[in-house]
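Observations on chain architecture
Take a look at the letters that make up each chain.
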Amino acid sequence: MPLALLALAVGAFGIGTTEFVMMGLLPEVANDLHISIPAAGHLVSAYALGVVLGAPLLAAVTARMPRRTVLIGLMALFVAGNAASALAPDNSWLLVARFVSGLPHGAFFGVGAVVATNMVAPERKARSVSLMFLGLTVANIAGVPVATLMGQHLGWRATFLGVSAIGLAAIASLALLIPHDRVPAPSAGLRGELAALKSLPVWLALGTTVAGFGALFAAYSYITPMLTDSAGYADASVTLLLALFGVGATIGNLLGGRLADHAMRRTLFGGLLSLAAVLALFPLLMSTAWSAALAVALLGMAAFVTGTPLNLMVMEKASSAPSLASSANQAAFNLANAGGAWIGGLALAAGLGVTSPALAGAALAVLGLAVAGTAYAVDRRRASAAPRAGRERVVAGHVPQQVETVGH
């Protein structure tokens, strides 16, 4: 694997750290800015909104630019957003800064996935994408816990200055390691790029992402009360247990990349089925301390096995605009984050028990399987229709008789 993938992983590490660290810093931010915890929670939503809006838009408007330049520019915007977060004088400015920080998130992963796959042989594409996303999963093991501790001891502003430093290191890595490239053909413009997303298979792939990762976040958003109220862990132990989730996600990400190079569709189906099974067993697994720790690791592993095959599938279905499609998949991931948390909250509000969000997640995983199955059926039908249409064109064209005989 080329060393340039390390530069992409460094950027992914910084993005993963800033995305998830805000959850652990809400009390510190709320106290310092004199706002309530729910008001501080809007800072998480502001970042997610930036991802959803910025991912397809930035990927589309930068389609004519060299991808190396785009990646460096996106990381520069990331640094600016996090530096502005550290210097924000009040909650309103911090909301804007968090929104700006989220804008380059999806486009970076989208363009980075295209760069990663172009640097390796076709049979290693999935592994190259998984190595880039390795930075995101490792952020949950090391980046988020360290950044959270930094914020608790040095102040939350120090955390965002630290993340900005990671972004600067990523810019240096990208400039040194990513080869110069040329866009092989002129872009069709914003309208042409967006037209690539009109395909039904693309939307089915994006729908699978929303349902599959919605299943993850339905449970993960409420993992702390499950661990404390059901499994009996102390609050101080939760951070270490969440690092287990990062370990599982890292293993699942690497495993999914390797398996997807051999059988992308089967890897996706197997990952979604495993995710549904793990979530369905959560009420049982959360009954003891050791099995709850195992459940957290298995959740990360099962969910992130599906990440690489989903990203590659979207890129293949929108082959005329792979950067835009991959970026849109990151927007779908963040929609899954918000939607899954909302559905899990509905289960809790209905009084179904502290582990009920996991059961809601299991239902979403089954829905993801259904959408993926529909996508497979559509692909099969289109594949069988293509040769038939070709034969009809041959006959209609009055080709030599021997060709028509073979066609019949």
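Residues numbered from 1 in each chain as written. Predicted model: local features only at pLDDT ≥ 70, side-chain atom pairs only at ≥ 80, totals over all residues. Heavy atoms only, no water.

Quick word on the layout of surface pockets
In plain terms, the rule: Within this scheme a cavity is a closed region of a 1 Å grid, computed over the protein atoms alone, that accommodates a 1.4 Å probe without allowing it to escape, whereas a pocket is open but has protein on both sides within 12 Å along at least five of seven lines; lining residues each have an atom within 4 Å of a point. Grid points are joined across faces, edges and corners, and a volume is the space filled by probe spheres set on the points. Numbering of helices and strands runs from the N terminus; a helix is a DSSP stretch of H or I covering at least four residues, while a strand is a stretch of E covering at least two.
Of the pockets and cavities examined, the largest pocket occupies roughly 1100 Å³. Lining the largest pocket are 36 residues, with Phe20, Met23, Gly24, Tyr220 and Ser221 positioned closest to its centre. Examining the composition of the lining of the largest pocket, we find that nine residues originate from one element, helix H2 (residues 37–61), more than from any other.

A few points about the confidence of the model for the protein
Note the following rule: As a per-residue quantity, pLDDT reports the predictor's confidence and falls between 0 and 100. Contacts are assigned to residue pairs with any non-hydrogen atoms lying within 4.5 Å of each other.
Across the protein, pLDDT averages 83, with 89% of residues at or above 70. Throughout residues 399–408 the model reports pLDDT below 50, and contacts reaching past four residues in sequence, or to other chains, amount to six contacts.

Examining the packing of aromatic side chains
Stated precisely, the cut-off is as follows: Geometry of aromatic contacts follows a simple scheme: Phe, Tyr and Trp rings, the Trp one being its six-membered ring, pair when their centres are within 6.5 Å, and the pair is stacked under 30 degrees between planes, edge-to-face over 60, tilted otherwise. Residue burial is assigned from relative accessible area. The probe radius is 1.4 Å, only protein chains are included, and a residue is buried under 20% of its type maximum, exposed over 50%, and partly exposed in between.
This model, assessed by the stated rule, comprises nine aromatic pairs. Their ring planes at 65 degrees and their centres at 4.9 Å tell us that phenylalanine 213 and phenylalanine 333 sit as a pair that is edge-to-face. Linking phenylalanine 213 in helix H8 (residues 200–220) with phenylalanine 333 in helix H15 (residues 322–349), this pair joins segments that are 120 residues apart in sequence. As far as the burial class goes, phenylalanine 213 and phenylalanine 333 line up, both buried. When the ring of phenylalanine 269 is compared with that of tyrosine 376, the centres are 6.3 Å apart and the planes differ by 85 degrees; the resulting orientation is edge-to-face. Linking phenylalanine 269 in helix H11 (residues 264–280) with tyrosine 376 in helix H16 (residues 356–396), this pair joins segments that are 107 residues apart in sequence. Accessibility expressed as a relative area gives 23% for phenylalanine 269, which makes it partly exposed. Assessed through its relative accessible area of 35%, tyrosine 376 is described here as partly exposed. Ring-pair connections join several aromatic residues into one group, and the members of that group are Phe213, Phe217, Tyr220, Phe245, Phe304 and Phe333.

Topic: the pattern of salt bridges
Just so we agree on the cut-off: Only one rule defines a salt bridge in this text: a Lys or Arg side-chain nitrogen within 4 Å of an Asp or Glu carboxyl oxygen.
Inspection of every chain in the model, using the stated rule, returns three salt bridges. Aspartate 261 serves as the salt-bridge partner of arginine 127, at 2.9 Å between the closest nitrogen and oxygen. With arginine 127 in helix H5 (residues 125–154) and aspartate 261 in the loop between helix H10 (238–260) and H11, the pair connects residues that are 134 residues apart, well separated along the chain. Assessed through its relative accessible area of 14%, arginine 127 is described here as buried. We note a salt bridge from aspartate 379 to arginine 265, for which the minimum N-O separation is 2.5 Å. Pair noted here: aspartate 379 is in helix H16 and arginine 265 is in helix H11, with a separation of 114 residues, a long-range link. This pair shows no difference in class: aspartate 379 is buried, exactly as arginine 265 is.

So, empty space enclosed by the protein
Applicable threshold: We call Asp, Glu, Lys and Arg charged. Ala, Val, Leu, Ile, Met, Phe, Trp, Tyr, Cys and Pro are nonpolar, and the rest, Gly among them, are polar.
As enumerated under the stated definition, the model contains two cavities of 30 Å³ or more in all. Estimated volume of the largest cavity: approximately 180 Å³. Surrounding the largest cavity, 15 residues form its lining, Phe133, Phe213, Gly307, Gln330 and Phe333 being those nearest its centre. Listing elements by their share of the lining of the largest cavity, those giving two or more residues are H5, H8, helix H14 (307–317) and H15. By residue number, the principal contributor to the lining of the largest cavity is H14, which donates four residues. Class assignment of the residues belonging to the lining of the largest cavity gives a composition of six nonpolar, eight polar and one charged. Lining of the second largest cavity is provided by Phe20, Asn140, Leu216, Phe217, Tyr220, Phe245 and Phe304. Of all the elements, H8 adds the most residues to the lining of the second largest cavity, at three residues.

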